[in-house]
Amino acid sequence: IILPILYSWLERWSASKAASIISKTTTSIIFILFMSFSSFAQQSISLDDAIKLAVSNHPSIASSNLAIEKNTTLTEMGYTLGTTDISYQGDGLFRENGQRVNQLGIIQNIPNPLKISSIRNLNNKVLMQSEVDQLLTIAEVKLAVRQSYYQVQYLKGKQTLYSRLIVLYEQYLTKAKVRVSSGAANKLEMLNIESKLNEYNMLQKQIMLEIPSREQQLNLLLNTDQEYSIIGSLEQEVDYDNTSAENLWMSR
């Protein structure tokens, strides 16, 4: 009676484990294909080129260019006479002497030169203000592109660091299991290492979800139909010592 039950449990456990392996493998294949497609669709761009592209395409800068063109046109307007009003009056009737009564009037408005000079000075001030606003807008766009670009580099650097830590902790977990099974260490050491391994796996998954979002923010600043990805990453060199488990505890 007991032996068939044990066989039945073993078959269920094997089937469950096989299904879990297939599921994980399928998920990994889909993720790899998705990342490959994303890498193929995206085009790499340097920070300097990204800044130039954003300055050329950003709508705020384009709007400031139009404001400068308008104000420049206003400052280039010369002195012009005012409006000319022409009026005519006549009843169309003949008088006793046979003449008609016709009255023609011309009124020429001559603007005050001092007023024109004040308007011109005002237009020059407005032009200078629009040029300053444009410089400020360009500086803000450049700063936003730099921050977004460096943020993606920072996240990719953390992703690389987490990948290295995961490999390191997997190696130490394997060693810890051997030590526990041989009685050279207690199980608490293995559980601590396994806990840190799970933590870094979770952090890596979060980073992998955050990187596309940050890249999308960068592409919004560039304002183009082409999807771009950054070049390089911010690397932090860490001296890994594989001889002691005391070096495993590293801050995020």
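Residues numbered from 1 in each chain as written. Predicted model: local features only at pLDDT ≥ 70, side-chain atom pairs only at ≥ 80, totals over all residues. Heavy atoms only, no water.

### Quick look at the overall build of the protein chain
Phase 1: Scanning the protein chain from N- to C-terminus turns up 5 helices and 4 strands.
Phase 2: For the protein chain, the sequential pattern of α-helices and β-strands runs α-β-α-α-β-β-α-α-β.
Phase 3: Here the protein chain holds 252 residues, and the buried ones make up 22% of them.
Phase 4: Roughly 18,100 Å² of accessible area belongs to the protein chain as shown, and the carbon and sulfur atoms make up 58% of that amount. (Helix = DSSP H or I, 4+ residues; strand = E, 2+ residues; numbered from the N terminus. Buried < 20%, exposed > 50% of the residue type's maximum accessible area, 1.4 Å probe, protein only. Areas by Shrake-Rupley, 256 points an atom, 1.4 Å probe, with all protein chains shown as cover.)

### As for the side chain of asparagine 123
Phase 1: Along the chain, asparagine 123 falls in helix H4 (residues 113–182).
Phase 2: Residue asparagine 123 is classed as buried on the basis of its relative accessible area, which comes to 18%.
Phase 3: Discounting chain neighbours no more than four positions away, the residues touching asparagine 123 are Leu74 and Thr75. (Contact = heavy atoms within 4.5 Å.)

### Focus on helix H5 (residues 187–222)
Phase 1: In this model, H5 (36 residues) spans 53 Å end to end at C-alpha, consistent with the 52 Å of a helix rising 1.5 Å per residue.
Phase 2: Just downstream of H5, asparagine 223 is the residue with a positive phi angle, here 60°. (Expected span 1.5 Å × (residues − 1).)

### Topic: the side chain of serine 148
Phase 1: Within the secondary structure, serine 148 is located in helix H4.
Phase 2: Look at serine 148 and you get buried, because its relative accessible area is 11%.

### Overview of unusual backbone geometry
Phase 1: Its identity as a non-glycine residue notwithstanding, asparagine 223 has a phi of 60°, on the positive side.
Phase 2: Positionally, asparagine 223 belongs in the loop between H5 and strand S4 (228–229).
Phase 3: Accessibility expressed as a relative area gives 40% for asparagine 223, which makes it partly exposed.

### Quick notes on the environment of methionine 208
Phase 1: Relative to the elements of secondary structure, methionine 208 occurs in helix H5.
Phase 2: A relative accessible area of 25% places methionine 208 in the partly exposed class.
Phase 3: A C-alpha to C-alpha distance of 7.4 Å links methionine 208 and glutamine 159, two positions 49 residues apart in sequence.

### Here's the deal with the pattern of salt bridges
Phase 1: One pass over the structure, following the stated rule, counts 4 salt bridges.
Phase 2: Between lysine 196 and glutamate 199 there is a salt bridge, and its shortest N-O distance comes to 3.2 Å. Taken together, the positions of lysine 196 and glutamate 199, both in helix H5 and 3 residues apart, correspond to about one turn of that helix.
Phase 3: On the basis of relative accessible area, lysine 196 is assigned to the buried category, the value being 18%. (Salt bridge = Lys/Arg side-chain N within 4 Å of Asp/Glu carboxyl O.)

### Digging into the confidence of the model for the protein chain
Phase 1: Across the protein chain, pLDDT averages 76, with 68% of residues at or above 70.
Phase 2: Here helix H1 (residues 2–41) is the element of the protein chain with the lowest mean pLDDT, 57, and helix H2 (residues 47–57) is the one with the highest, 90.
Phase 3: Segment residues 236–252 is flagged for pLDDT under 50; beyond a separation of four residues in sequence, or across chains, it makes 33 contacts in the model. (pLDDT = per-residue confidence, 0-100.)

### A closer look at the environment of glutamine 216
Phase 1: Among the structural elements, glutamine 216 can be located in helix H5.
Phase 2: In the structure, glutamine 216 is positioned 68 residues away from serine 148 in sequence and 9.6 Å away in space, judged by C-alpha atoms.

### Some words on the packing of aromatic side chains
Phase 1: Tallying each qualifying case throughout the model produces 2 aromatic pairs.
Phase 2: Taking 5.8 Å as the distance between ring centres and 40° as the angle between the ring planes, the aromatic pair formed by tyrosine 162 and tyrosine 200 counts as tilted. Remark: tyrosine 200 occurs in helix H5 and tyrosine 162 occurs in helix H4; sequence separation between them is 38 residues. In terms of burial, tyrosine 162 and tyrosine 200 fall into one category: buried. (Phe/Tyr/Trp six-rings, centres within 6.5 Å; stacked < 30°, edge-to-face > 60°.)

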